[in-house]
Amino acid sequence: MLRGVHGKSFQREFQGGSKGHESPSDLKAQLENLETDLSFLMKFTGIQFTSHSKKTVEQTRNRTVRKHRLSGNCHSLSFQLEFQLLEMQKKENVSAVITDLSIIMESGEDSDVSKFVSSTEEHRNLLTFFRSLSSYAEWYEHRRCTFLHFKGKYPDIVTLPEGQLGDYIILRNPKISGFELMIIWKIHIDEEGRTTPVLDLLTKVPEQVLEQKMATTETAPARFRSMLLLFGIEAAVENLIKVVGLEK
């Protein structure tokens with residue numbers, strides 16, 4: 001879907017350039033079509049472009065090199081791109097190839113994101129970048145909203161040590177000093193852009209409680225992973241919160 005819309009937009013642009021002078025109504029229709037495509041892409045992918053600039057680096061009769069700078073955001077993640085586009089014209093056909101690509105992306109300190117960005121820059125594949133960014137940012141936003149939801153619903157139990165953009169939450173029972181459960185929610189993205197949510201549970205239990213409920217505590221992470229498979233993320237987390245709240 002993304003490839004089709006993206007391709008049609010460029011096809012219209014290049015074909016329009018080969019027709020010579022066009023009437024204002026034709027140009028207006030083309031602009032409206034491009035705006036419709038862009039609006040659809042923004043809704044479909046969550047990507048919004050906030051700034052764009054271009055500079056012609058080299059231009060001959062059949063060859064043009066332009067440097068583009070592009071900034072935007074996808075849900076709550078921001079990104080910046082800088083790339084060179086080589087345009088070659090042969091008769092009435094125009095081809096465009098990215099010859100250099102540099103990406104700055106929020107969450108770049110994440111090792112998975114850094115590897116993905118490096119791989120994308122090496123292969124100069126903007127389509128893969130935007131497609132994977134959309135998937136990654138959607139999970140990023142889903143995690144943020146989920147954490148905020150449970151913090152608002154169970155304020156005495158749920159703590160966000162790193163704020164709403166952190167990758168874990170702490171569950172505490174106010175009646176049991178030192179008892180904590182940590183739900184870790186990582187978002188794994190490989191070098192090819194495939195995105196996978198990875199959740200796990202860590203426990204911190206006072207010695208006196210541990211002696212009473214050794215078996216339950218030791219199997220808690222495995223039980224949590226089973227709940228994830230059976231009920232999904234939100235239901236598994238909420239069930240765990242309720243269990244923590246009932247502990248005495």
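Going by the structure above, here's the rest.
None of the values given here were measured: they were computed from a predicted structure. (Residues numbered from 1 in each chain as written. Predicted model: local features only at pLDDT ≥ 70, side-chain atom pairs only at ≥ 80, totals over all residues. Heavy atoms only, no water.)

Helix and strand content of the chain: seven helices and eight strands. Considering the chain as a whole, with its 248 residues, one finds that 38% of them fall into the buried category. Here the contacts in the chain between residues at least 6 apart in sequence split such that 45% fall between residues at least 24 apart. (Helix = DSSP H or I, 4+ residues; strand = E, 2+ residues; numbered from the N terminus. Buried < 20%, exposed > 50% of the residue type's maximum accessible area, 1.4 Å probe, protein only. Contact = heavy atoms within 4.5 Å.)

Looking now at the pairing of strand S2 (residues 63-74). Strand direction decides the pairing type here: strand S1 (residues 47-59) and S2, joined by 11 bridges, are antiparallel. Paired with Gln 59 across the two strands is Thr 64, which belongs to S2. Linking S1 back to S2 in an antiparallel pair, the connection comprises three residues. Relative to strand S3 (residues 77-90), S2 is paired through 12 bridges, and the arrangement is antiparallel. When the sheet's bridge partners are listed, Arg 66 is paired in S3 with Leu 85. The hairpin formed by S2 and S3 contains two residues between the paired strands, and His 75 there has a positive phi angle of roughly 55°. (Pairing = 2+ DSSP bridges.)

Strand order in the open sheet made by the four strands is S1-S2-S3-S4, with antiparallel pairing throughout. Edge positions in the sheet fall to S1 and strand S4 (93-105), since each has one partner strand and no second. Direction aside, neighbouring strands of the sheet carry axes that sit 20° apart on average. Summarising the sheet, S3 and S4 pair through 12 bridges and their orientation is antiparallel. Each residue of the ladder has a partner; that of Glu 87, found in S4, is Ala 96. (Axes fitted to C-alpha atoms, helices over the stretch in contact; angles between N-to-C directions.)

Here we come to helix H4 (residues 126-153). Taking 1.5 Å of rise per residue, 28 residues should cover 40 Å, and H4 covers 40 Å from first to last C-alpha, within 8% of that figure. Measuring from the side-chain oxygen of the N-cap residue of H4 to the backbone nitrogen of Leu 127 gives 3.2 Å; that N-cap residue is Asn 125. (Expected span 1.5 Å × (residues − 1). Polar contact = N/O pair within 3.5 Å; in protein donor to acceptor, adjacent residues only side chain to side chain.)

Here the focus is the sheet that holds strand S5 (residues 158-159). Pairing in this open sheet of four strands is antiparallel, and the strands run S5-S6-S7-S8 from one edge to the other. The sheet terminates laterally at S5 and strand S8 (195-204), the two strands that pair on one side only. Helix-sheet contacts for H4 involve S5, strand S6 (168-172), strand S7 (180-189) and S8, and the interaxial angle to S7 is about 165°.

It is worth spelling out the side chain of Glu 141 at this point. You can see Glu 141 is positioned in helix H4. Under the relative-accessibility criterion, Glu 141 is labelled buried at 17%. A polar side-chain atom of Glu 141 sits 3.0 Å from a polar atom in the side chain of Ser 76. At 2.6 Å, the side chain of Glu 141 forms a polar contact with the side chain of Arg 144. Apart from residues no more than four positions distant in its own chain, Glu 141 is found in contact with His 75 and Ser 76.

The biggest cluster of nonpolar side chains holds 50 residues, and the ones touching the most others in it are Leu 81, Met 105, Phe 129, Phe 130, Leu 171, Ile 183 and Phe 224. Top element by residues in this core is H4. It accounts for nine residues. Every residue in contact with Ile 183, bar those within four places of it in the chain, is listed here: Asp 167, Tyr 168, Ile 169, Leu 171, Leu 199, Asp 200, Leu 201, Phe 224, Val 237 and Leu 240. (Core = buried A, V, L, I, M, F, W, Y, C linked by side-chain atoms within 4.5 Å.)

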